[in-house]
Amino acid sequence: FLGFIKLNVCRGVVWIAFIVLMREFMITSLRLISSGKGVVISANMWGKCKTVSQMAAIIFVLFTRFASDTFDLGHAVNTAFGVCAEILLWVSAALTVISGVVYLKQNGRYIDPKK
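The following paragraphs examine the structure supplied in this document.

Thresholds, definitions, all that
- Residues numbered from 1 in each chain as written.
- Predicted model: local features only at pLDDT ≥ 70, side-chain atom pairs only at ≥ 80, totals over all residues.
- Heavy atoms only, no water.
- Helix = DSSP H or I, 4+ residues; strand = E, 2+ residues; numbered from the N terminus.
- Rg over C-alpha atoms; globule rule 2.2 N^0.38 Å.
- Buried < 20%, exposed > 50% of the residue type's maximum accessible area, 1.4 Å probe, protein only.
- Salt bridge = Lys/Arg side-chain N within 4 Å of Asp/Glu carboxyl O.
- Patch = residues over 30% accessible without salt bridge, like charges linked within 9 Å, V, L, I, M, F, W, Y side chains within 5 Å.
- Areas by Shrake-Rupley, 256 points an atom, 1.4 Å probe, with all protein chains shown as cover.
- Core = buried A, V, L, I, M, F, W, Y, C linked by side-chain atoms within 4.5 Å.
- Expected span 1.5 Å × (residues − 1).
- Contact = heavy atoms within 4.5 Å.
- Polar contact = N/O pair within 3.5 Å; in protein donor to acceptor, adjacent residues only side chain to side chain.

**Observations regarding the overall build of the protein chain**
So, point 1. A tally of helices and strands in the protein chain yields four helices and zero strands.
So, point 2. For the protein chain, the α and β elements follow one another from N to C terminus as α-α-α-α.
So, point 3. Computed over the C-alpha atoms, the radius of gyration of the protein chain is 17 Å, more than 25% above the 13 Å expected from 2.2 N^0.38 for a compact globule of 115 residues.
So, point 4. Overall size of the protein chain, expressed as C-alpha extent along the three principal axes, is 60 × 25 × 20 Å.
So, point 5. With 115 residues in all, the protein chain has 31% of them scored as buried.

**Some remarks on the pattern of salt bridges**
As a working rule, side chains carrying opposite charge can pair if their charged atoms are close by.
So, point 1. If you walk through the whole model with that rule in mind, you get three salt bridges.
So, point 2. One salt bridge in this structure joins Glu24 and Arg23, with 3.1 Å as the shortest N-O distance.
So, point 3. One salt-bridge network, held together by shared partners, links Arg23, Glu24 and Lys50.

**Observations concerning a nonpolar patch on the surface**
So, point 1. A cluster of nonpolar side chains, contributed by Leu2, Ile5, Val14, Trp15, Phe18, Leu21, Met22, Phe25 and Trp90, occupies part of the molecular surface with about 900 Å² of accessible area.
So, point 2. Listed by contribution, the elements that provide at least two residues to the nonpolar patch are helix 1 (2-7) and helix 2 (13-36).
So, point 3. At six residues, helix 2 tops the list of elements feeding residues into the nonpolar patch.
So, point 4. With respect to the helices and strands, Val14 occurs in helix 2.

**Some words on the nonpolar core**
So, point 1. Membership of the largest hydrophobic core comes to 13 residues, with the highest contact counts inside it found for Phe1, Phe4, Val9, Cys10, Ile16, Val61 and Leu89.
So, point 2. For this core, the secondary-structure elements that each account for two or more residues are helix 2, helix 3 (45-70) and helix 4 (75-107).
So, point 3. The biggest single contributor to this core is helix 2, with four residues.

**Some words on helix 2**
So, point 1. Taking 1.5 Å as the rise per residue, helix 2 with 24 residues should run 34 Å; its terminal C-alpha atoms sit 35 Å apart, in good agreement.
So, point 2. Where helix 2 is concerned, the buried positions are Val13, Ile16, Ala17, Val20, Arg23, Ile27, Leu30 and Ser34.
So, point 3. For helix 2, the secondary structure elements touched by its buried residues are helix 1, helix 3 and helix 4.
So, point 4. Positive backbone phi, approximately 80°, marks Gly38, located one or two places after helix 2.

**Re helix 3**
So, point 1. Along its 26 residues, helix 3 runs 37 Å from first to last C-alpha, staying within 8% of the 38 Å computed at 1.5 Å per residue.
So, point 2. Buried within helix 3 are the following residues: Gly47, Lys50, Ser53, Gln54, Ala57, Val61, Thr64 and Ala67.
So, point 3. On its buried side, helix 3 packs onto helix 1, helix 2 and helix 4.
So, point 4. N-cap assignment for helix 3: the residue whose side-chain oxygen lies 3.0 Å from the backbone N of Trp46 is Asn44.

Printed below as a string of structure tokens:
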């Protein structure tokens, strides 16, 4: 996602990358805190959906960039690819937020606010 900022893949790609990075830092920190208490936080359905959506978005963006650079697809097709890529990226960002909230709600009890 950070590489997509340089490519200017979509208008909100900076925000999408920020959302993904913050969620990853947050959940990794939560997992580290809980593992220090002997608790393992395993992946749930939302985390898996988030990962699948991110992989699909990344593959689609890379494919469309390759296709646009290699073949003369025309303006309409390139525009359609761009819209689809943007939708996939925002769906991925939404699932990232949802999965982060679910992880926090299910496992937030391991965070000690006094520390």
